[in-house]
Amino acid sequence: MSDSKYITLISYDGFEFVVLREAALISETIRAMLRGPFREAQTGRCEFGEIRGPVLEKVVEYFHYHHANRDRTDVPDMDIPVDICLELLMAADFLGLDSKPQMRDIS
């Protein structure tokens, strides 16, 4: 199992994003990929064949935004470009970002 502090997320069009592992573990899907008997757990690289680069970039931005503001209550909204709203919603659903993970599941 890869114990790196960072993981790499790859969009279907080949864009690669290096992400703080702890920040990305808010995603149920990524958490399962990195903890199960999958290639991703060994390599620390997660490929998403359905998510375009600009959409995955915004997801990564959200991971870091959420991680940086996790202890705050007065968090301002993120700017979301209108042209990727639907794709972003579908990506969030696929990644399991619509439910709040239990703290015991993140560690």
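Owing to the predicted nature of the structure, the values given are computational and were not obtained by experimental measurement.

Reading the values: rules and limits
Residues numbered from 1 in each chain as written. Predicted model: local features only at pLDDT ≥ 70, side-chain atom pairs only at ≥ 80, totals over all residues. Heavy atoms only, no water. Pairing = 2+ DSSP bridges. Helix = DSSP H or I, 4+ residues; strand = E, 2+ residues; numbered from the N terminus. Axes fitted to C-alpha atoms, helices over the stretch in contact; angles between N-to-C directions. Contact = heavy atoms within 4.5 Å. Core = buried A, V, L, I, M, F, W, Y, C linked by side-chain atoms within 4.5 Å. Buried < 20%, exposed > 50% of the residue type's maximum accessible area, 1.4 Å probe, protein only. pLDDT = per-residue confidence, 0-100. Polar contact = N/O pair within 3.5 Å; in protein donor to acceptor, adjacent residues only side chain to side chain. Salt bridge = Lys/Arg side-chain N within 4 Å of Asp/Glu carboxyl O.

A. Focus on the sheet that holds strand E2 (residues 16–20). The strand order across the open sheet built from three strands is E2-E1-E3, with neighbouring strands paired in mixed fashion. Of all strands in the sheet, those with a lone pairing partner are E2 and strand E3 (45–47), marking the two edges. Neighbouring strand axes in the sheet, compared pairwise and without regard to direction, differ in orientation by 25 degrees on average. As paired elements, strand E1 (residues 6–10) and E2 share five bridges and run antiparallel to each other. Counted as the bridge partner of Ile10 is Glu16 from E2.

B. Here's a closer look at the side chain of His67. Mapped onto the elements, His67 comes out in helix H4 (residues 53–68). Those residues in contact with His67 that sit more than four places away from it in its chain are Leu20, Glu22 and Ala23.

C. Geometry of the nonpolar core. Counting 24 residues, the largest nonpolar core has Leu9, Val19, Ile30, Phe48 and Phe63 as the members making the most contacts within it. For this core, the secondary structure elements donating two or more residues are E1, E2, helix H1 (21–24), helix H2 (28–35), H4 and helix H5 (85–94). It is H4 that provides the largest number of residues to this core, a total of five residues. Sequence-distant contacts of Phe63, defined by excluding residues within four places in its chain, comprise Leu9, Val19, Ala23, Ala24, Ile26, Ser27, Ile30 and Leu97.

D. How the structure looks around the confidence of the model for the protein. Put simply, the protein has an average pLDDT of 89, and 90% of its residues get 70 or more. Note on residues 102–107: pLDDT under 50 across the span, and six contacts to partners over four residues away in sequence or across chains.

E. Structural detail: the environment of Cys46. Inspection of the secondary structure puts Cys46 in strand E3. What makes Cys46 buried here is its relative accessible area of 0%. Each C-alpha atom of the pair Cys46 and Leu34 lies 8.3 Å from the other, and the pair is 12 residues apart in sequence.

F. How the structure looks around the pairing of E1. Within E1, four of the five residues are buried, leaving the element largely enclosed by the surrounding structure. Where E1 lies against E3, three bridges are found, and the strand directions are parallel. Bridging from a neighbouring strand, Leu9 pairs with Cys46 of E3.

G. Local environment of H2. Taken together, the buried positions of H2 are occupied by Thr29, Ile30, Arg31, Met33 and Leu34. Where H2 starts, the residue carrying a side-chain oxygen 3.3 Å from the main-chain nitrogen of Thr29 turns out to be Ser27.

H. Structural context of the pattern of salt bridges. Taken as a whole, this structure holds four salt bridges when the rule is applied. Note that Glu61 is salt-bridged to Lys58, the shortest N-O span being 3.1 Å. Of this pair, Glu61 and Lys58 both sit in helix H4, separated by three residues, roughly a single helical turn. Given the relative accessible area of 11%, Lys58 is considered buried. In this structure, Asp74 engages Arg72 in a salt bridge whose closest nitrogen and oxygen atoms are separated by 3.2 Å.

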